[in-house]
Amino acid sequence: MNPRVDDTPAVSAEPSRVRRFSRAERWVHRVTALLMGVCVATAALLYIPQFAELVGRRELVVRVHELAGLVLPVPVLAGLASRAFRRDLGFLNRFGRHDRVWLRAVLRRDRDHRSRPAGKFNAGQKIYAAWIAGATLVMLGTGLLMWFTHLAPLMWRTSATFVHDWLALTVGIVLAGHIGMALGDPEARRGLRTGSVSRRWAEREHPLWRP
């Protein structure tokens, strides 16, 4: 498979920087992150005894949690109106030979950037995007079964509660890792905040993405 899988992004007014994300993509990320944060925070208030004791209006927390979870897919669905967002979804959904090379380098703990070829998104980002999208859909489905008790028999609702609770814990752990990696890469965060990254960073971290 040809490793050059990404289109050429537009160059910003400053020659040393290149455009990485459109305004629509940045807003999709921000709103999704906000809703996911509300889901995680309210889940912690509901399930961790030390936090639950601090909440006086448990019913309100439950309703906020349900509403945030219900609208969580909306930013992504709205983002489909953006051509740039649809194009990047295509990149995230496409694995090539270079992605397998990247994963092998990670497993060997090889930190040499030359051993980790990547297009606009590296293999780790593609796996994370696929996993969190699937987990969100499962959480939404099991949450609806827990919310609307008449939709399924008792056994299904009990199973849905088990899956929902344990998957929520896994999502929290994965999100913590995602945030930790983001904190360790200021330029990646700047790309999501402003839409552009330095050309030097792009060439080092994503050598197959040709600005």
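Residues numbered from 1 in each chain as written. Predicted model: local features only at pLDDT ≥ 70, side-chain atom pairs only at ≥ 80, totals over all residues. Heavy atoms only, no water.

### Some thoughts on the overall build of the chain
At step 1: A tally of regular secondary structure across the chain gives 10 helices and two strands.
At step 2: Ordered by position in the sequence, the α and β elements of the chain form the string β-α-α-α-α-α-α-α-α-α-β-α.
At step 3: Seen along its three principal axes, the alpha-carbon backbone of the chain occupies a region of about 55 × 35 × 35 Å.
At step 4: Residue burial in the chain is summarised as follows: out of 211 residues, 32% are buried.
At step 5: Intrachain contacts of the chain at a sequence separation of at least 6 include 69% that bridge at least 24 residues.
At step 6: As displayed, the chain has an accessible area near 13200 Å², and 65% of this comes from carbon and sulfur atoms. (Helix = DSSP H or I, 4+ residues; strand = E, 2+ residues; numbered from the N terminus. Buried < 20%, exposed > 50% of the residue type's maximum accessible area, 1.4 Å probe, protein only. Contact = heavy atoms within 4.5 Å. Areas by Shrake-Rupley, 256 points an atom, 1.4 Å probe, with all protein chains shown as cover.)

### Regarding helix α5 (residues 83-92)
At step 1: Residues of α5 that are buried include every one of Ala-84, Phe-85, Asp-88, Phe-91 and Leu-92, and no others. All buried residues of α5 fall inside an arc of 115 degrees around its axis, so they share one side.
At step 2: On its buried face, α5 is in contact with α1 (23-47), α4 (74-79) and α7 (123-147).
At step 3: Between the side-chain oxygen of the N-cap and the backbone nitrogen of Ala-84 there are 3.4 Å, and the N-cap of α5 in question is Ser-82. (Arc of directions from axis to C-beta. Polar contact = N/O pair within 3.5 Å; in protein donor to acceptor, adjacent residues only side chain to side chain.)

### What about the packing of α7 against helix α8 (residues 154-183)?
At step 1: Between α7 and α8, the shortest axis-to-axis distance is 9 Å and the interhelical angle comes to 150 degrees. Along this stretch, α7 crosses α8, giving a crossing that reads as left-handed. Mapping the contact onto sequence places Tyr-128, Trp-131, Ile-132, Ala-135, Val-138, Met-139, Thr-142, Gly-143, Leu-145 and Met-146 in α7 and Arg-157, Ala-160, Thr-161, Val-163, His-164, Leu-167, Ala-168, Thr-170, Val-171, Val-174, Leu-175 and His-178 in α8.
At step 2: The residue makeup of the contact of α7 with α8, split by class, is 15 nonpolar, six polar and one charged. (Axes fitted to C-alpha atoms, helices over the stretch in contact; angles between N-to-C directions. Left-handed = near helix turned anticlockwise from the far one by under 90°. Nonpolar A, V, L, I, M, F, W, Y, C, P; charged D, E, K, R; others polar.)

### Let's talk about the pattern of salt bridges
At step 1: If you walk through the whole model with that rule in mind, you get eight salt bridges.
At step 2: Residue Glu-59 is joined to Arg-63 by a salt bridge in which the shortest nitrogen-to-oxygen separation is 2.6 Å. Highlighted residues: Glu-59 and Arg-63, both in helix α3 (residues 58-71), separated by four residues, approximately one helical turn.
At step 3: Given a relative accessible area of 41%, Arg-63 falls into the partly exposed group.
At step 4: With its nearest N and O atoms 3.0 Å apart, the salt bridge here joins Asp-112 to Arg-114.
At step 5: Arg-114 gets classed as exposed once you look at its relative accessible area, which sits at 75%. (Salt bridge = Lys/Arg side-chain N within 4 Å of Asp/Glu carboxyl O.)

### Overview of unusual backbone geometry
At step 1: Phi is positive for Arg-109, which is not a glycine, with a value near 60 degrees.
At step 2: A relative accessible area of 71% places Arg-109 in the exposed class.

### Some details on the side chain of Thr-136
At step 1: Along the polypeptide, Thr-136 turns up in helix α7.
At step 2: For Thr-136, a relative accessible area of 18% translates into the label buried.
At step 3: Aside from chain neighbours lying at most four places away, what touches Thr-136 is Met-36 and Leu-72.

### Considerations on the environment of Gly-134
At step 1: Among the secondary structure elements, Gly-134 is positioned in helix α7.
At step 2: Accessibility expressed as a relative area gives 31% for Gly-134, which makes it partly exposed.
At step 3: Separated by 56 residues in sequence, Gly-134 and Ala-78 place their C-alpha atoms 18 Å apart.

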